[in-house]
Amino acid sequence: MYDFRKRSKAAALALAALALTCAVPVVAQTWSSPVLVANGGGQAVSTNGTGTSAVVFTPLSGGLQASVNTGSGWSAPTTLTSVSAPANIAVAPNGDVLAVWSFRTTNTYIPVEAQARFFSGGHWGNTITLSTNVYGNVSSLGLPSIGFDSHSQATVIWEQITNPSPIACALEAETGSAASGLGAAKIISSASTCYGWTQLAVSSSGQAVAVEGAAGILSAAVVAIGRDSTGAWGAPVTIGASGVYRQRQPHVGLGNEGTAVVVWLINGGVRYSVRSGGTWSAAAALPGVAGTAGGASGVAVDGSGNAVATFQQVAISPGTYATYRPVGGSWQTKVQLNSSTQIVATPAGTFVAGGLTVSTRLAGTSNWNQHTFSDVARVNAAPGLAIALVGPQVSVSTAAVP
C-alpha cells in the first residue's frame, strides 16, 4: 500500500527546501569579458547603474581623455585637456558626468590649477576652472574630490591657498549641475592648515562629509566637516588630533541614514572614527591589525550605514584584509582578500574591492566572491551594477550586483 503520509512529508520537505533556496541570495557572480575602450592608462571609472558609465584616462599621446557609454557602446574618446594630469570622474543618477583634474602651472609644488567639465545630453561642456591657486606638495597635486546626490547635484571640494607666505589654506566647496553649472565657491573649513589630501562622500539626500589630512607619509590632524540635507555645512571637527607620527590619508564613507566612517593610517597602524547620531567617536585602533599595517587603507559605507574597512598588513601574514561593521555594531573578524584596499559600496549593501583580483561581497551575504583579471582593476558600483576599469590598456568589465 502506498504511504500518502510519507509522500506528504517528502513534498513538504521539498517545498521547504525550495523556499529556503529562493530566500538565500544568489552568490555566484560573473564579470563580463573586458571591452577595450582605448589605448592608454586608466585613471578612474564610474557608473550610475542604470545606463551610463564613464572612464577617464591618459592616452598614449599624453593629455587627458574621457569616454562615455550611454547604452550603445563606448564613445570615441574626447580630449578634456592637453595636459597630463591626475583625474577623477563621477556619473550622476540622471546620466550626467563630471570629470575633474589638476596640474602644476610651474616647476614648483605650488600653485596647482584644478579644472572640471560636465557631460550632458551627449556632449562635453566647456572647461570650468575651479581654481588656479590649489595647494599641492611633494605628495599631492591637490586633485578635487567629487560626488553626486540622488537629484544629480554635484559637490566639488578642494584645498585653496589663502596666503602665500606664511602659507595658509582653506577647504572650499562648490555645488551645482550640468544644467545650472557650479555655484560660487564657499569656504567650509578655514583652519589655515595646508593638508594636501581631501576626500568626500555624498549621500542620496545631499548630506555630505568632507575630510582633510596629510598626503603621502606626512603627518597632520584628521578633520571632518559635515553637511546636512539642507546644504548647510557644519563646523570642522578634529577626529584625529595632530601630533601622531605619520597620521595621514583619511578615507570616508557615508550612509543614507547619516552614519559616516573615516579610516586613516598612522605609522604602522590604522585608526577609525564613526559618526552616529551626529557625534563622532574618539579615534581608535582598527581591530584586527596584526603586527604592522602597510601604506594603504580604505572604507565604504552602504545606504544603511554598514561599513567595510580595508587595510594592508605586513610582516605577520602579509596581505590585504577587510573587516565588516554592521551599523551600530562592532568590527567583525577580518577576512584576507587578494585585492587592493580600494573599496566601494552600493546602497543595497554590496561591497566591491579593486585590484588584480576583484573581491565582491554581495548584499545579504558574508562571503567574498573573487575574480582575477589580467591586470589591476579600479572599481565603482551603483544600484544594479559593478564596473571595473582594467589595465594595462583602458578596458571595462561589468557585473550585475544588488
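Placed above this text is the structure.
Here we summarise the structure given alongside this text. Given the structure is predicted, the values throughout are model-derived calculations rather than measurements.

## Comments concerning the state of the cysteines
Step number 1: A complete count under the given rule lists one disulfide for this structure.
Step number 2: Between cysteine 169 and cysteine 194 runs a disulfide, and the two sulfur atoms are separated by 2.0 Å. Handedness of the cysteine 169-cysteine 194 disulfide follows from its S-S torsion of about 95°: it is right-handed. Linking cysteine 169 in strand S13 (residues 167–177) with cysteine 194 in the loop between strand S15 (186–192) and strand S16 (196–202), this pair joins segments that are 25 residues apart in sequence.
Step number 3: By relative accessible area, which is 16% here, cysteine 194 ends up buried.

## Quick look at the sheet that holds strand S2 (residues 40–47)
Step number 1: The sheet built from four strands is open, its strands ordered S2-S3-S4-S5 with antiparallel pairing. Of all strands in the sheet, those with a lone pairing partner are S2 and strand S5 (78–81), marking the two edges. Recorded for the sheet is a direction-independent mean angle of 30° between the axes of neighbouring strands.

## Re unusual backbone geometry
Step number 1: The peptide bond linking serine 165 to proline 166 adopts the cis configuration, its omega dihedral lying at -5°.
Step number 2: Along the chain, the position of proline 166 falls in the loop between strand S12 (154–164) and S13.
Step number 3: Residue glycine 391 is joined to proline 392 through a cis peptide bond whose omega torsion reads 5°.
Step number 4: Within the secondary structure layout, proline 392 lies in the loop between strand S33 (385–390) and strand S34 (394–400).
Step number 5: Even without glycine at this site, serine 192 takes up a positive phi of about 75°.
Step number 6: Within the secondary structure, serine 192 is located in strand S15.
Step number 7: Located in the positive-phi region is arginine 246, a residue other than glycine, with phi close to 55°.
Step number 8: Tracing the backbone through its elements, the reader meets arginine 246 in the loop between strand S19 (237–240) and strand S20 (248–254).

## Quick look at the packing of aromatic side chains
Step number 1: Using the criterion set out here, one finds five aromatic pairs in the structure.
Step number 2: Plain terms: the ring middles of tyrosine 324 and phenylalanine 351 are 6.3 Å apart, the flat faces sit at 85° to each other, and that makes the pair edge-to-face. Residue tyrosine 324 is located in strand S27 (residues 319–325), and its partner phenylalanine 351 is located in strand S30 (residues 351–353); the two are separated by 27 residues in the primary sequence. Like tyrosine 324, the residue phenylalanine 351 is buried in the burial classification.
Step number 3: The lysine or arginine in question, arginine 361, covers the ring of tyrosine 324, its NZ or CZ lying 3.8 Å from the ring centre.

## As for the nonpolar core
Where a protein is soluble and globular, its nonpolar side chains tend to be buried together.
Step number 1: Counting residues in hydrophobic clusters, the biggest one holds 17 residues, and the most contacted among them are Val56, Leu80, Ile89, Val97, Trp101 and Trp124.
Step number 2: For this core, the secondary structure elements donating two or more residues are strand S3 (53–59), strand S4 (64–69), strand S6 (87–91) and strand S7 (97–104).
Step number 3: For this core, the element with the most residues is S7, which contributes four residues.
Step number 4: In this structure isoleucine 89 touches Ala44, Val45, Ser46, Ala54, Val55, Val56, Ala66, Val97, Leu98, Ala99, Trp124 and Ile146, once residues within four positions along its chain are discounted.
Step number 5: Formed by 16 residues, the second largest nonpolar core is a distinct cluster that contains Ala90, Ala114, Phe118 and Phe148.

## As for a nonpolar patch on the surface
Step number 1: Taken together, Tyr109, Ile110, Val138 and Ile167 make up a surface patch of nonpolar side chains, about 350 Å² in accessible area.
Step number 2: Checked against the element boundaries, tyrosine 109 lands in the loop between S7 and strand S8 (112–120).
Step number 3: Residue classification places tyrosine 109 among the partly exposed positions, given a relative accessible area of 45%.

## Let's talk about the pairing of strand S22 (residues 269–276)
Step number 1: Within S22, six of the eight residues are buried, leaving the element largely enclosed by the surrounding structure.
Step number 2: In this structure, strand S21 (residues 260–266) lies alongside S22, joined through seven bridges in antiparallel fashion. The residue bridging leucine 265 from the neighbouring strand is valine 270, located in S22.
Step number 3: If you look at the hairpin formed by S21 and S22, you'll find two residues sitting between the two strands, and glycine 268 has a positive phi there, around 80°.
Step number 4: For S22 and strand S24 (residues 284–285), the ladder comprises two bridges, and the chain directions are antiparallel. Opposite tyrosine 272, over in S24, you have alanine 284 as the bridge partner.
Step number 5: Between the antiparallel neighbours S22 and strand S23 (residues 279–280) lie two residues, among them glycine 277 with a positive phi of about 65°.

Conventions we followed
Residues numbered from 1 in each chain as written. Predicted model: local features only at pLDDT ≥ 70, side-chain atom pairs only at ≥ 80, totals over all residues. Heavy atoms only, no water. Disulfide = S-S within 2.5 Å. Helix = DSSP H or I, 4+ residues; strand = E, 2+ residues; numbered from the N terminus. Buried < 20%, exposed > 50% of the residue type's maximum accessible area, 1.4 Å probe, protein only. Pairing = 2+ DSSP bridges. Axes fitted to C-alpha atoms, helices over the stretch in contact; angles between N-to-C directions. Phe/Tyr/Trp six-rings, centres within 6.5 Å; stacked < 30°, edge-to-face > 60°. Lys NZ or Arg CZ within 6 Å of the ring centre and 35° of its normal. Core = buried A, V, L, I, M, F, W, Y, C linked by side-chain atoms within 4.5 Å. Contact = heavy atoms within 4.5 Å. Patch = residues over 30% accessible without salt bridge, like charges linked within 9 Å, V, L, I, M, F, W, Y side chains within 5 Å. Areas by Shrake-Rupley, 256 points an atom, 1.4 Å probe, with all protein chains shown as cover. Salt bridge = Lys/Arg side-chain N within 4 Å of Asp/Glu carboxyl O.

Keep in mind that these numbers describe shape and distance, not what the molecule does.
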